[in-house]
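Spelled out, the chains give:
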Amino acid sequence: MHFSELHLERCDLKIIESTDNVVLNNLQTLRLHDVDITDEIFDKIISGCPLIENLYLSFCTGLKSIKFHKHHNIKDFSSSMTHQIIIEIENTHALENVHAEMFDNFSSFFSCLNELIINNCNGLKEFRLLSSSIKRLTIKMGPRNRIKAFIDTPNILYFKYSSDGEGVLPSIKFTTTSNEWKSKISLSYKLKPLGKDATSWFLKLNKLLKALSESHITLNLIHDEYKKLYINDSYGGFYKPVVVEHLKLWGCYSSYFVPAILNCFFKIFRPRYIQMENGLAKFNLAEYISKLIPYETGCYFWLQDLEEVSIEVMDMKAKEWRCLKGTILHALCSEKQIRFRLTWKEQ
């Protein structure tokens, strides 16, 4: 057969006998969707496609494990399953892009991979990643899944982690020599499971940010509780507050809650910019900050570290931020995109 692309959908490949030979010498792209297939048949098909470079799997049943070895030439791989599978990638020199959902074990060395996306892998507990070629790494985890990752990517440019867990934070060790790279952390959490004393959770967040401290960090925090909380000052183990480039807060931060949560945040990290996506939350934050800023001097020292606070609005025509002048609270009624700029000592 001389075709270079094959797309199979809603079929049963288990009818292939174990003694049958599958030879597709010219096949470069294989797409399997809603296909019933065993590990043995899958290995037989892949082994019979010496030129295959693109492999896309979605909602395949019966498949329990996928193994890539050095003799495979696959460059682009995507897997989206409804069940947990095991993916083993060992000494593959051609692989460039991976997008995988729902797999358990992952331990690998990549020599050509540019981007890796690990999505919704609830069974994944620990993995090690060593690659000098990876530029972009994305990890998205489900509820209650705390992952432990050892990442050695000296040329990383962008790292993204997100979780829908209730107070679940990853343990990550990062090794890189990149001078300019960005990281984005998105955490959805509820304060109720954390309790009033959320010290241990903020300690884990402090360690996570410390692991990413060489990057330009964007931190998104989403919550749906009004509960006031604090950090126990007698609790040791905190690193020096980490610089966070952008802090974005999602949720209903009441006027009662804002001072408490800022006290916790500023103990473990120092944001340069703060944005709040909820209109009432923006009003409450602005009201609190307006009490900190003496307008006659434009400068307020807080905890001996915060030097200056200002408010900026997005000029939609010029597509740039400009410093807000006039009454802060009145401006919030008319401006849609507002951020708070904080200047700290030693930044």
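Here is what the cut-offs are and how they apply
- Residues numbered from 1 in each chain as written.
- Predicted model: local features only at pLDDT ≥ 70, side-chain atom pairs only at ≥ 80, totals over all residues.
- Heavy atoms only, no water.
- Helix = DSSP H or I, 4+ residues; strand = E, 2+ residues; numbered from the N terminus.
- Buried < 20%, exposed > 50% of the residue type's maximum accessible area, 1.4 Å probe, protein only.
- Areas by Shrake-Rupley, 256 points an atom, 1.4 Å probe, with all protein chains shown as cover.
- Polar contact = N/O pair within 3.5 Å; in protein donor to acceptor, adjacent residues only side chain to side chain.
- Core = buried A, V, L, I, M, F, W, Y, C linked by side-chain atoms within 4.5 Å.
- Salt bridge = Lys/Arg side-chain N within 4 Å of Asp/Glu carboxyl O.
- 1 Å grid on protein atoms, 1.4 Å probe; cavity = no way out; pocket = protein on both sides within 12 Å on 5 of 7 lines; lining within 4 Å.
- Points joined across faces, edges and corners; volume = space filled by probe spheres on them.
- Nonpolar A, V, L, I, M, F, W, Y, C, P; charged D, E, K, R; others polar.
- Pairing = 2+ DSSP bridges.

A.B. asks: Could you give an account of the overall build of the chain, with specific residues and numbers?
C.D. replies: The helix and strand tally for the chain stands at 6 helices and 21 strands. Each of the 347 residues in the chain was classed as buried or not, and the buried ones make up 47%. When the accessible surface of the chain is totalled, it reaches about 17,300 Å², and 48% of it is carbon and sulfur.

A.B. asks: I'd like to hear about the side chain of Ser131, residue by residue, with values.
C.D. replies: Looking at the secondary structure, you find Ser131 in strand β10 (residues 126-131). A polar contact is formed between the side chain of Ser131 and the side chain of Ser133, at a distance of 3.1 Å. Polar contacts involving the side chain of Ser131 include one to the main-chain amide nitrogen of Ile134, which spans 3.2 Å.

A.B. asks: Tell me about the nonpolar core, residues and numbers included.
C.D. replies: Ile37, Leu55, Leu57, Phe77, Phe159, Leu205 and Phe265 are the most contacted members of the largest nonpolar core, which has 86 residues in total. Per-element tally for this core: the top contributor is helix α4 (residues 258-268), with 7 residues.

A.B. asks: Provide a residue-level description of the pattern of salt bridges, including the pertinent values.
C.D. replies: Within the structure shown, the criterion is met by 8 salt bridges. Residue Glu5 pairs with Arg31 through a salt bridge whose shortest N-O separation is 3.5 Å. Taken together, the positions of Glu5 in strand β1 (residues 5-9) and Arg31 in strand β2 (residues 29-33) put the pair 26 residues apart, joining distant regions of the chain. Residue classification places Glu5 among the partly exposed residues on the basis of a relative accessible area of 46%.

A.B. asks: How would you explain the side chain of Ser65 if you had to name every residue and give the values?
C.D. replies: As for its placement among the helices and strands, Ser65 is situated in strand β4 (residues 65-68). A distance of 3.1 Å separates a polar atom in the side chain of Ser65 from a polar atom in the side chain of Asp39.

A.B. asks: Explain α4 to me, using residue names and the numbers behind them.
C.D. replies: Given 3.6 residues per turn, any residue in an α-helix points the same way as the ones three and four places further on. Among the 11 residues in α4, 8 count as buried, and that is most of the element. When α4 is considered as a whole, its buried residues turn out to be Val258, Ala260, Ile261, Leu262, Cys264, Phe265, Phe266 and Ile268.

A.B. asks: Lay out unusual backbone geometry in plain terms, naming residues and giving numbers.
C.D. replies: Trans peptide bonds make up most of the peptide bonds, and negative phi angles are found at most residues other than glycine. Although it is not a glycine, Phe59 sits at a positive phi angle of roughly 55°. Position of Phe59 among the secondary structure elements: in the loop between β3 (54-58) and β4. Positioned with a positive phi, Lys319 is a non-glycine residue whose angle comes to about 55°. Summarising the element assignment, Lys319 is placed in the loop between β19 (306-315) and β20 (320-323).

A.B. asks: With reference to specific residues and values, describe the layout of surface pockets.
C.D. replies: Looking at the largest pocket, its volume works out to about 310 Å³. Lining the largest pocket are 18 residues, and of these Ile172, Lys173, Lys207, Leu208 and Ala211 sit closest to its centre. Mapped by element, the contributors of at least two residues to the lining of the largest pocket are β14 (171-175) and α3 (199-211). Of the residues assigned to the lining of the largest pocket, the class counts are 8 nonpolar, 4 polar and 6 charged.

A.B. asks: Let's hear about the pairing of strand β11 (residues 136-141): which residues, and what values?
C.D. replies: Judged from the 5 bridges that link them, strand β9 (residues 115-119) and β11 form a sheet pairing that is parallel. Counted as the bridge partner of Ile117 is Thr138 from β11. Alignment of β11 against strand β13 (residues 158-163), held across 6 bridges, turns out to be parallel. Along β13, the bridge assignment pairs Ile139 with Tyr161.

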